[in-house]
Amino acid sequence: LLLCSAVIYLKLRWQVRVTIPYRKNIYVCDDVTSPFILGIFRPKIYIPSGMTEEHLQYVLAHENAHLKRRDHWWKPLSFLLLVVYWFNPLLWLAYSLLCRDIEQACDEKVIAGMDNAGKRGYSEALVVCSVHRRMIMVCPVAFGEIGVKARIKGIIHYKKPGFWILLASVVACIITAV
């Protein structure tokens, strides 16, 4: 798994060797089809060339949510656990669910203050940037990587959880931990 992910990482680095700086840590590349973050200590956002300005604002909001949540650290760390315990099917399931939850959490963070038109635009950007996932990878944290259909349904039906639901969840977690 480490060798496979190293080859994929090197291939991806080779693919983004020719980029054009867009902003501070954002680069435009002709050879990528979906936006993603690459790097652990100095992460960079790579976006495909030819993306419209409307889609770009949604994509950058999503990728910046990943950076604020430090997902570019958590995903490789969880992949290392998967490498060590590769024989455990529950860890494969946990890694898959973690990747899905990372994307959904960023989606929720981005759409939290949006109206229906904003959600529609964000969903459209998600469809435009969607990619077919071929294998489980340690990197990158990609915009349209996981469960686009389910993510769009979640965006459309998103409702901010109430205070009492959050409080009950925290209490349940504390009781379970004890």
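Below, the structure is looked at part by part.

What counts, and at which threshold
- The residue numbering used here restarts from 1 in each chain and proceeds along that chain's sequence as written.
- The predicted origin of the model limits local features to residues at a pLDDT of at least 70 and limits the giving and counting of side-chain atom pairs to 80 or more, whereas totals for whole chains, interfaces and linings rest on all residues.
- Excluding hydrogens and water, the side-chain figures rest on all heavy atoms present in the structure.
- All axes are obtained by fitting lines to C-alpha atoms, using only the stretch in contact for helices, and the reported angles, taken between N-to-C directions, cover 0 to 180 degrees.
- Here a helix means four or more residues in a row that DSSP labels H or I, a strand means two or more in a row labelled E, and each is numbered from the N terminus.
- Angular relationships are summarised with four words: roughly parallel below 35 degrees, roughly antiparallel beyond 145, roughly perpendicular across 65 to 115, and oblique for the angles in between.
- When checking whether two residues touch, look at their non-hydrogen atoms; a contact exists if any pair is within 4.5 Å.
- Under the scheme applied, nonpolar residues are Ala, Val, Leu, Ile, Met, Phe, Trp, Tyr, Cys and Pro; charged residues are Asp, Glu, Lys and Arg; polar residues are all the others, including Gly.
- Every case where a carboxyl oxygen of Asp or Glu lies within 4 Å of a side-chain nitrogen of Lys or Arg is listed as a salt bridge.
- Exposure classes here rest on a 1.4 Å probe applied to the protein chains alone. A residue is buried below 20% of its type maximum, exposed above 50%, and partly exposed in between.
- DSSP-based pairing: two strands are paired if at least 2 bridges between them are found.
- What the arc describes is the spread of directions from the helix axis to the C-beta atoms.
- Patch membership needs two things, relative accessible area over 30% and no salt bridge, and members are linked within 9 Å if like-charged or within 5 Å if nonpolar (Val, Leu, Ile, Met, Phe, Trp, Tyr).
- Areas reported here follow the Shrake-Rupley algorithm with a probe of radius 1.4 Å; residue values treat only the protein chains shown as occluding.

Here we take up the packing of helix 2 (residues 53-69) against helix 3 (residues 71-84). In the contact formed by helix 2 and helix 3, the axes pass within 6 Å of each other and the chain directions differ by 70°. What the angle tells us is that helix 2 and helix 3 run roughly perpendicular. Only Asp71, His72 and Trp74 of helix 3 make contact with helix 2, whose side of the interface consists of His66, Leu67 and Arg69. Classifying every residue of the contact of helix 2 with helix 3 gives two nonpolar, two polar and two charged.

Before going further, it helps to examine the pattern of salt bridges. Counting across every chain of the model gives two salt bridges. Between arginine 69 and aspartate 71 there is a salt bridge; the shortest N-O distance is 3.4 Å. Classification of arginine 69 as partly exposed rests on a relative accessible area of 33%. Take aspartate 71: its relative accessible area is 1%, and that puts it in the buried class.

Both faces of strand 2 (residues 26-29) are covered, namely the face carrying Ile26 and Val28 and the face carrying Tyr27 and Cys29. Pairing geometry for strand 1 (residues 20-23) and strand 2, over three bridges, is antiparallel. Paired with proline 21 across the two strands is tyrosine 27, which belongs to strand 2. Between strand 1 and strand 2, which pair antiparallel in sequence order, lie two residues. Note: strand 2 against strand 4 (residues 44-48), four bridges, orientation parallel. Across the sheet, cysteine 29 pairs through a bridge with proline 48, a residue of strand 4.

Next up on the list: the environment of asparagine 64. Turning to its location among the elements, asparagine 64 is positioned in helix 2. Along the chain, asparagine 64 and cysteine 106 lie 42 residues apart, while their C-alpha atoms are 8.9 Å from each other.

So, on to helix 6 (residues 148-156). Those residues of helix 6 that fall on the buried side of the exposure criterion are Val148, Arg151, Ile152 and Ile155. Looking down the long axis of helix 6, one finds its buried residues gathered within 100° of arc, a one-sided arrangement. Contacts made by the buried residues of helix 6 are with helix 2, helix 4 (89-111) and helix 5 (116-128).

To continue, consider a nonpolar patch on the surface. A surface patch of nonpolar side chains, amounting to about 800 Å² of accessible area, comprises Leu2, Ile40, Phe41, Trp73, Trp74, Leu77 and Leu80. At four residues, the largest contribution of residues to the nonpolar patch is made by helix 3. On the secondary structure map, leucine 80 appears in helix 3.

We now examine the environment of alanine 65. As for its position among the elements, alanine 65 is in helix 2. With 42 residues separating them in the primary sequence, alanine 65 and aspartate 107 have C-alpha atoms 8.5 Å apart. Each residue touching alanine 65, except ones within four places of it in the same chain, is listed here: Cys106, Lys109 and Val110.

Let us look at the environment of valine 16. Within the fold, valine 16 resides in the loop between helix 1 (2-15) and strand 1. Classification of valine 16 by relative accessible area gives buried; the value is 5%. In this structure the C-alpha to C-alpha distance between valine 16 and cysteine 29, which are 13 residues apart in sequence, comes to 6.3 Å. Ignoring any residue separated from it by four or fewer positions in sequence, one finds valine 16 in contact with Cys29, Val32, Phe36, Leu38 and Tyr46.

Read these as geometric descriptors, not functional statements.
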